[in-house]
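Structural characterization, general
Listed below are the residues making up each chain.
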Amino acid sequence: MALALFRKAQVVPVPAIEAASLRSDRFRLERETDWRRLEAIVTALEKNRLRRISDEDLLALPVLYRQAASSLAVARETSLDAGTLAYLESLVRRAWFQVYGPRTSLTGWLRRFLGGQWSAAVRAIWLELCIALAAMIAGTAVGWLLVARDSDWYYALVPGEFADSRRPGATRAVLAEALTGTEGKGEGLTVFAAYLFSNNTGVAVMAFALGFAFGVPTLLLLVFNMAVLGAMMWLFVDAGLGWEFAAWLSVHGTTELAAILLAGAAGLHIGRAMAFPGARPVLAAAAQGGRLAALVMAGVVLMLAVAGLLEGYARQLVEDPIARGAIGVTMGLAWLTYFLLAGRRRVVRQNGAAT
Amino acid sequence: MTAVALAAQHRGVLRRQRELVTPEGLTLPLTIASRGARAGALLLDLALIFGFLLLLLIGLAAAGIAAIETAEPGPAMELVLVLLLLFVFLLRYGYFLYFELGPRGATPGKRALGIRVAARANSNGGGGRLTAEAVIARNLMRDVEVFIPAVFLVSGIGASMGATGWAATVWLAVFVLFPSFNKDNLRAGDLVAGTWVVEAERRALPQAMSVREEPGRSYRFGEAELKVYGEHELQVLEGVLRHNNPQAQRQVLEAICRKIGWEPGHDDDRAFLEAFYAALRARLEGDMRFGKRKKDKFS
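None of these values were measured; they are calculated from a predicted model.

Attention now moves to the overall build of chain A. The secondary structure content of chain A amounts to 14 helices and zero strands. Starting at the N terminus, the α and β elements of chain A follow one another as α-α-α-α-α-α-α-α-α-α-α-α-α-α. A total of 355 residues make up chain A; the buried ones form 42% of that total. Across chain A, the fraction of contacts at a sequence separation of at least 24, relative to all contacts at a separation of at least 6, is 78%.

Structural data, given as structure tokens:
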């Protein structure tokens, strides 16, 4: 092993150029040292060992890349050496991926993302946001109306885990008990928050990914999920606990529902881009829409993490309906302000550059 | 491999050839990764993820059994549970993201199969930068394409649900089989993100062919001997010489001698083949410089 490593580090001696009898081989031997230097730099870049690369090498990278690229262009027309051609093609391709690779680091990307890119992306899909919001309101109304007409619908809509004590005909006291939700007092809350986060993210990603089928499944998913909420709402309002329920829900609900709204809208955006690409080719439209929607989705994951914490901690620890409502409304307003205001200047500049 | 199989393989590779125009105006050949390579890479990655998870669970179970017997579930147990939940979440969404955002643009599975993610060339061939958004988009779609069908298959929900199960199976099959119905082997995530998966093999630079330390016996080949072969045969001969298998070299030597009407000698096979290779390549490359190319012996 050590021997192999040692051998690898050794510089391969390049034969004297005059030794080659073919003109195309002499062409190759003249340039071989530069190719090998480029290969060493590219390999170090691929391994993310930036410190191993000297400043000279880094400065030489674009020049070496262009040299190798032009060598390839010449070799294709003058050389029939398949081995050398394959090597050059692979070298130029690898160098291209490094020279034109992603330019930002993760932290740099995060700063740009939070500093306006995200909110700008959210504003850009305003039409889908309106559609998704309409679907969510419609879903809630449907759930409410169905259960109001026939309370058996409640069992069809609400999954079993929620329908424990919260069922039609339950007394006011039982329902109020369900809203306090302070059993355990702080124990297992972190687990609960983490579980909620990963579960909700799964649902949100699904709403996004299903947008691929022209947005129809996303709409269905939004309507169905909100119908559950509508049904539960009816149950509590019917028992005269409407205000308490709203406060209980709003602690995390403003954040979570906003995240689901964004995820649904992101999915719809992809669906709309594919169904109505306009003057662009469908593939280009889908890619453009997909990248914008992915920006929104990265933020959705963040929002769901916040919502998980609020649901796991704040809702369980704060019992007073007024305090609960205040937390929820504050969070909702904070998100709204952020989306409306963050990165305004940036968008103006980008639009200016685009036109 | 038979000649027919080889030809079919060659056609398959040709169908996957694409060209990318770099900002310098150079055409860069790319080969789209085959479906088999992509499926293999995915299976490797999934095996890695599940293997890692399994090890972790076994480790935790071993530690947990001891902990439960000594103490009741306390804060330490809770912390472990939270970490486990977050870890599974990270594996599910973060594994592919992290590796594909790296400088190699490939997960360990993809690397093993010599493929990587790249930004798709636009309609006039211009290649772009692979952005973080694109990688996020293609990996969020993976949920519907890979994880949900996998859970569906493993848990056998489809079999127990009758008509609904069948509908769900068909629906998921659309996603799973998507790469089979377009020429770039794009999966739904690639389509949405504007990416594709291409071959990214690392090749070593082989030795120059016409460099010889000691001149052997000299052969002279005339016009009549050299005109029988084209570029394809030259490159086959190059392969034989590079592999340096005496038996194959002897066979090729006999084939060449039959073709050009010489009597195969019994001295150094390799010296003869190298001389013939150099002469043939000199001739073909000379013609190339005048814009004349001979693809193979039939043209």
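Another aspect to go through is the packing of helix α12 (residues 282-317) of chain A against helix α5 (residues 132-140) of chain B. Any two packed helices are characterised by the angle at which their axes cross and by the distance between the axes. Remark: α12(A) packs on α5(B), axes separated minimally by 8 Å, with the N-to-C direction vectors making an angle of 80°. With respect to their mutual orientation, α12(A) and α5(B) come out roughly perpendicular. Contacts between α12(A) and α5(B) involve G290(A), R291(A), A293(A), A294(A), L295(A), M297(A) and A298(A) from the former and E133(B), A134(B), I136(B), A137(B) and L140(B) from the latter. For the contact of α12(A) with α5(B), the per-class residue count stands at nine nonpolar, one polar and two charged.

Further remarks concern helix α4 (residues 82-99) of chain A. Between its terminal C-alpha atoms α4(A) stretches 25 Å, which fits the 26 Å expected from 18 residues at 1.5 Å a residue. Buried residues of α4(A): T84(A), Y87(A), L88(A), S90(A), L91(A), V92(A), R93(A), R94(A), A95(A), W96(A) and F97(A), and no others. Elements in contact with the buried residues of α4(A): α2 (23-46) and α3 (55-78) of chain A together with β2 (27-31) and β3 (115-119) of chain B.

Take the pairing of β3(B) next. Side-chain positions along a regular strand alternate between the two faces of the sheet. Residue and element names in this part refer to chain B. The element β3 is largely enclosed, with a buried count of five among its five residues. Two elements, β3 and strand β4 (residues 195-199), share five bridges in a ladder whose sense is antiparallel. Paired with I115 across the bridge in β4 is E199.

Turning our eyes to something else, we now look at the nonpolar core. One broad trend across soluble globular proteins is that nonpolar side chains are buried collectively. Ranked by internal contacts, the top residues of the largest apolar core, which has 129 residues, are A68(A), V296(A) and M297(A). Apart from the residues lying within four places of it in its own chain, the contact partners of V296(A) are A121(A), V122(A), I125(A), L262(A) and A266(A). In this structure, L237(B), V252(B), I256(B) and L280(B) belong to the second largest nonpolar core, which totals nine residues.

Here we come to unusual backbone geometry. For F214(A), which is not glycine, the phi dihedral falls at a positive 60°. Not every positive phi belongs to a glycine, and N244(B) is a case in point at roughly 55°. When you line up the elements, N244(B) lands in the loop between α11 (231-243) and α12 (246-260). Overall, the presence of 9 C-beta atoms within 10 Å leaves N244(B) in the exposed class.

Rules behind the numbers
Every chain is numbered independently, its residues counted from 1 as its sequence is written. Each chain takes a letter, starting from A, and each ligand takes a number, starting from 1, following the order in which they are written. The predicted nature of this model means local features are confined to residues of pLDDT at least 70 and side-chain atom pairs, given and counted, to a pLDDT of 80 or more, with totals for whole chains, interfaces and linings taken over all residues. Under the DSSP-based scheme used, a helix requires at least four consecutive residues in state H or I and a strand at least two consecutive residues in state E, with every element numbered from the N terminus. Residues with at least 20 neighbouring C-beta atoms inside 10 Å of their own are called buried, those with 12 or fewer are called exposed, and the rest are partly exposed, where every C-beta is derived from the backbone. By the convention adopted here, residues are in contact when the distance between their C-beta atoms, placed from the backbone, does not exceed 7 Å. An axis is simply a line fitted to the C-alpha atoms; with a helix, the fit covers only the stretch in contact. Between two such axes, the angle follows the N-to-C directions and lies from 0 to 180 degrees. When describing relative orientation, an angle under 35 degrees is termed roughly parallel and one over 145 degrees roughly antiparallel, while 65 to 115 degrees is termed roughly perpendicular and anything else oblique. Three categories are distinguished: nonpolar for Ala, Val, Leu, Ile, Met, Phe, Trp, Tyr, Cys and Pro, charged for Asp, Glu, Lys and Arg, and polar for the others, with Gly belonging to the last. By this rule the span expected of a helix is its residue count minus one, scaled by 1.5 Å. Each pair of strands is called paired provided DSSP finds at least two bridges between the two strands. Residues enter a nonpolar core if they are buried, belong to Ala, Val, Leu, Ile, Met, Phe, Trp, Tyr or Cys, and are joined to the set through C-beta atoms within 7 Å.

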